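Summary of the model geometry
Each chain, letter by letter, is given below.
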Amino acid sequence: RIMSFIILYLVNVATCIGVIIALFEFMLSRKTNFAAYERDKKKSTIEIFRDNEKEFHEYNRIIYKRHKYNNMTYHQIVKDKEFHNMIHEYLNKLELICTGVNIGVYDIYTLERLFGDVMVRIYYQTFPYIEHLRNVRGTQIVYSEFEIVAKKMEEIDEKKDKLLNDKANLKYKLYKD
């Protein structure tokens, strides 16, 4: 009788140890899978940027040549059909990439490091055009994915600036105690 109790006890202990090991393995595999997912997301972001980089730089060169960093009205954009088509194509490509960011295919932090300042600037430069399209179509959905990402990138940049300033203040004691 005591022997069967000891055997039953040992079986229960072994079962508990097995469950603990299984839980540990599960948690470890989740962590590994999440890390792989995040790595793939960053890699995909770099790839989509690389695929469009030359074209985006050409778009930006043309925009800068015509408007510097100034906002562009709807009428300034549409008066030249070729320029209008370029802006339309550029915004559509950015909208597609931003949709990918918003659904988790691409990583916003990686994209912000690669192209954030330009995306935010292009958003503000083309906002009068976007706003006009929204009013004409009667919907706020026009380039809304782009708008969401541009505003998130602004927040990321502000946090990054604050972090860099805080590090500089600590390192160089810029604030007097």
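This text goes with the structure placed above it.
Residues numbered from 1 in each chain as written. Predicted model: local features only at pLDDT ≥ 70, side-chain atom pairs only at ≥ 80, totals over all residues. Heavy atoms only, no water.

**Re the packing of helix α1 (residues 2-67) against helix α4 (residues 108-137)**
The geometry of α1 relative to α4 is characterised by a closest axis approach of 10 Å and an angle of 35 degrees between their N-to-C directions. α4 is crossed by α1, and the crossing has left-handed handedness. Between α1 and α4, the contacting residues are Lys-42, Thr-45, Ile-46, Phe-49, Phe-56, Asn-60, Ile-63 and His-67 on the first element and Thr-110, Leu-111, Leu-114, Phe-115, Val-118, Arg-121, Ile-122 and Gln-125 on the second. In terms of residue class, the contact of α1 with α4 is built from nine nonpolar, five polar and two charged. (Axes fitted to C-alpha atoms, helices over the stretch in contact; angles between N-to-C directions. Helix = DSSP H or I, 4+ residues; strand = E, 2+ residues; numbered from the N terminus. Left-handed = near helix turned anticlockwise from the far one by under 90°. Contact = heavy atoms within 4.5 Å. Nonpolar A, V, L, I, M, F, W, Y, C, P; charged D, E, K, R; others polar.)

**Overview of the packing of aromatic side chains**
Within the structure shown, the criterion is met by 10 aromatic pairs. With centroids separated by 4.8 Å and ring planes inclined at 50 degrees, the aromatic side chains of Tyr-59 and Tyr-90 adopt a geometry described as tilted. With Tyr-59 in helix α1 and Tyr-90 in helix α3 (residues 81-102), the pair connects residues that are 31 residues apart, well separated along the chain. Here Tyr-64 and Tyr-69 contribute two aromatic rings whose centre-to-centre distance is 5.1 Å and whose plane-to-plane angle is 55 degrees, an arrangement assigned as tilted. Grouping aromatic residues by their ring pairs yields a cluster made of Phe-49, Phe-56, Tyr-59, Tyr-90 and Phe-115. (Phe/Tyr/Trp six-rings, centres within 6.5 Å; stacked < 30°, edge-to-face > 60°.)

**A look at the side chain of Thr-126**
Relative to the helices and strands, Thr-126 is located in helix α4. Among the residues examined, Thr-126 registers a relative accessible area of 1% and is labelled buried. Only 2.7 Å separates the side chain of Thr-126 from the backbone oxygen of Ile-122, close enough to count as a polar contact. What Thr-126 contacts, discounting residues up to four positions off in sequence, is Met-72, Ile-87, Leu-91 and Phe-146. (Buried < 20%, exposed > 50% of the residue type's maximum accessible area, 1.4 Å probe, protein only. Polar contact = N/O pair within 3.5 Å; in protein donor to acceptor, adjacent residues only side chain to side chain.)

**Focus: the nonpolar core**
Core analysis: the largest hydrophobic core is formed by 35 residues, its most contacted members being Ile-87, Tyr-90, Phe-115, Met-119 and Phe-146. Contributions of two or more residues to this core are made by α1, α3, α4 and α5 (144-172). Sorting elements by how many residues they give to this core places α4 first, with 11 residues. (Core = buried A, V, L, I, M, F, W, Y, C linked by side-chain atoms within 4.5 Å.)

**What about a nonpolar patch on the surface?**
A contiguous nonpolar patch, built from Ile-2, Met-3, Phe-5, Ile-6, Ile-7, Tyr-9, Leu-10, Val-11, Val-13, Ile-17 and Ile-21 and spanning about 1100 Å² of accessible area, is present on the exposed surface. On the secondary structure map, Tyr-9 appears in helix α1. (Patch = residues over 30% accessible without salt bridge, like charges linked within 9 Å, V, L, I, M, F, W, Y side chains within 5 Å. Areas by Shrake-Rupley, 256 points an atom, 1.4 Å probe, with all protein chains shown as cover. Salt bridge = Lys/Arg side-chain N within 4 Å of Asp/Glu carboxyl O.)

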